[in-house]
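Topology and contacts: notes
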Amino acid sequence: MIFVVAAFRASADDAGAITYTKDVAPIQPMTVLDALIAHHILVRAGETVSFQHQQFQEWFASFEVEKLVLEAAVGDRNSAQRLRINVLNELVWEEAVLFAGERLARSGVHAVQAIAETIIELLSIDPMLAAKLIVKVPVAWPLIRERVVAFAMKWHTPDRVDRAVRFMIMTGASEFADIIWSLITNADDQVHLAVLGTAPRFRISVLGLNARQRLTALPNPIRRHVLDELAHSSDVDGVEIAAELAIADPDPDLKLGVIEALAFRGNDRLALQVLHQSPAPVWAQLSK
């Protein structure tokens, strides 16, 4: 890690905050490092100095990613190769890529086009990172929708919970709703439970705008299994929907499953909301 320090001197005021004063002469790098270590921004282990948390490093690294993305977009072959081989193909750069994507999404039409091209590039390198970037950069979706959907459809094997299904769920794109619903409504619990747990977080938006109505219409025990799993493993919106539907559902076993799932995730607020709308048998089961 190299620091370039030109004309600022670091010191601490009475409140312990770092302040900077303009100085005529540059200060020594070790003086800056010592000040940053003293204020817990950096840590020293032997002869090595590193950030207190790796996300600081990933944030600063994201500016290099942003530079490569923009240069690759205008035809710089060297930058395109470095981006593909040294960044997109390396797992340790994932957070930096996501940081860069979020920043580029707010940087104008050219930047959005550049990150859209990077997402397409990622489909052949790391589709799951591409899916995460799609979520981070929603403004790019109109530019890449057709190619992403075609890629996923070609990759997917019908009626199977494969990696393409994982990719679809991670994008949260409602264009995949029909495929996901066909798996969720499968009477085999090994199928409808598998699809809900295949991604790190089930993005409820992948079910489309009428998700509430279709979830309510599911037959038991599929409805019970699905709402339980949504409470366990979906995103924030999915958890809210699971709690909302559990409150309105007459099945005490369904309510109990959702309450336990919410409590397991530490969401006491929603768990209590469902509990307060539950009949005595649910309270009795929980008390055991």
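Please refer to the structure higher up on the page.
Position labels on residues start from 1 in each chain and follow its written sequence. Restriction of local features to residues with pLDDT of at least 70 applies here, the model being predicted, together with a cutoff of 80 or more for giving and counting side-chain atom pairs; totals for whole chains, interfaces and linings are based on all residues. Heavy atoms throughout the structure, all of them, feed into the side-chain values; hydrogens and water do not.

1. As for the nonpolar core
Only buried Ala, Val, Leu, Ile, Met, Phe, Trp, Tyr and Cys residues count toward a nonpolar core, and they belong to the same one when joined by side-chain atoms within 4.5 Å. Each residue is placed in one exposure class: buried if its accessible area under a 1.4 Å probe, protein chains only, is under 20% of its type's maximum, exposed if it is over 50%, and partly exposed if it falls in between. Among the nonpolar cores identified, the biggest contains 80 residues, and Ile 180, Ile 184, Phe 202, Leu 207, Leu 215, Leu 230 and Leu 262 are the most heavily contacted of them. Strands here are runs of E lasting at least two residues and helices are runs of H or I lasting at least four, both read from the DSSP assignment and numbered beginning at the N terminus. When residues in this core are grouped by element, the largest group, 8 residues, is from helix H5 (residues 109-122). By definition in these notes, contact holds between two residues if any of their heavy atoms fall within 4.5 Å. Residues within four places of Leu 262 in sequence aside, it is in contact with Ala 231, Val 239, Ala 243, Asn 267, Leu 270, Ala 271 and Val 274. Counting 7 residues, the second-largest nonpolar core is a separate cluster that includes Ile 27, Leu 36, Ile 37 and Phe 51.

2. Concerning helix H12 (residues 222-233)
Expected span of a helix: the number of residues minus one, times 1.5 Å. Helix length check: H12 (12 residues) gives 16 Å between terminal C-alpha atoms against 16 Å at 1.5 Å per residue, within 8%. Restricting attention to buried positions, one finds in H12 the residues Ile 222, Arg 223, Val 226, Leu 227, Leu 230, Ala 231 and Ser 233. Lining the buried residues of H12 we find helix H9 (177-184), helix H10 (189-197), helix H11 (211-216), helix H13 (236-248) and helix H14 (252-264).

3. Observations concerning the packing of helix H4 (residues 94-104) against helix H6 (residues 127-136)
At a minimum axis distance of 9 Å, the contact between H4 and H6 shows a crossing angle of 30 degrees. Relative to H6, the element H4 lies roughly parallel. Crossing of H4 against H6: the hand is right-handed. Across from Glu 94, Val 97, Leu 98, Gly 101 and Glu 102 in H4, the residues of H6 making contact are Leu 129, Lys 132, Leu 133 and Lys 136. By the convention adopted, Pro, Cys, Tyr, Trp, Phe, Met, Ile, Leu, Val and Ala count as nonpolar, Lys, Arg, Asp and Glu as charged, and the other residues, Gly among them, as polar. A per-class count over the contact of H4 with H6 returns 4 nonpolar, 1 polar and 4 charged. What counts as an axis is a line fitted to C-alpha atoms, over the stretch in contact for a helix, and the angles between N-to-C directions run from 0 to 180 degrees. Angle categories: roughly parallel below 35 degrees, roughly antiparallel above 145, roughly perpendicular from 65 to 115, and oblique for all the rest. Each crossing is labelled by how the near helix is turned from the far one, with a counterclockwise turn of less than a right angle marking it left-handed and a clockwise turn marking it right-handed.

4. Here's the deal with the packing of helix H7 (residues 141-155) against helix H8 (residues 163-171)
Where H7 meets H8, the axes come as close as 8 Å, and the angle between the chain directions of the two elements is 150 degrees. With respect to their mutual orientation, H7 and H8 come out roughly antiparallel. Crossing of H7 against H8: the hand is left-handed. Contacts from Val 148, Phe 151, Ala 152 and Trp 155 of H7 reach H8 at Arg 163, Ala 164, Phe 167 and Met 168. Tallied by class, residues from the contact of H7 with H8 come to 7 nonpolar, no polar and 1 charged.

5. Details of the side chain of Ser 234
Relative to the elements of secondary structure, Ser 234 occurs in the loop between H12 and H13. Contacts described as polar in this section are N or O atom pairs within 3.5 Å, which, within protein, must combine one atom able to donate a hydrogen with one able to accept it, while residues neighboring in sequence count only if both atoms come from side chains. Among the polar contacts listed, one links the side chain of Ser 234 to the backbone oxygen of Leu 230, at a separation of 2.5 Å. With sequence-adjacent residues up to four places away left out, Ser 234 is seen in contact with Arg 201, Phe 202, Glu 229, Val 239 and Arg 265.

6. As for the pairing of strand E4 (residues 48-51)
Bridge analysis of strand E3 (residues 42-45) against E4 gives 4 bridges, and the strand direction is antiparallel. Its bridge partner being in E4, Val 43 is matched across the sheet by Ser 50. Whether two strands pair comes down to DSSP finding at least two bridges between them. Remark: 2 residues form the turn of the hairpin made by E3 and E4, two consecutive strands paired antiparallel; Gly 46 in that turn has positive phi of roughly 65 degrees.

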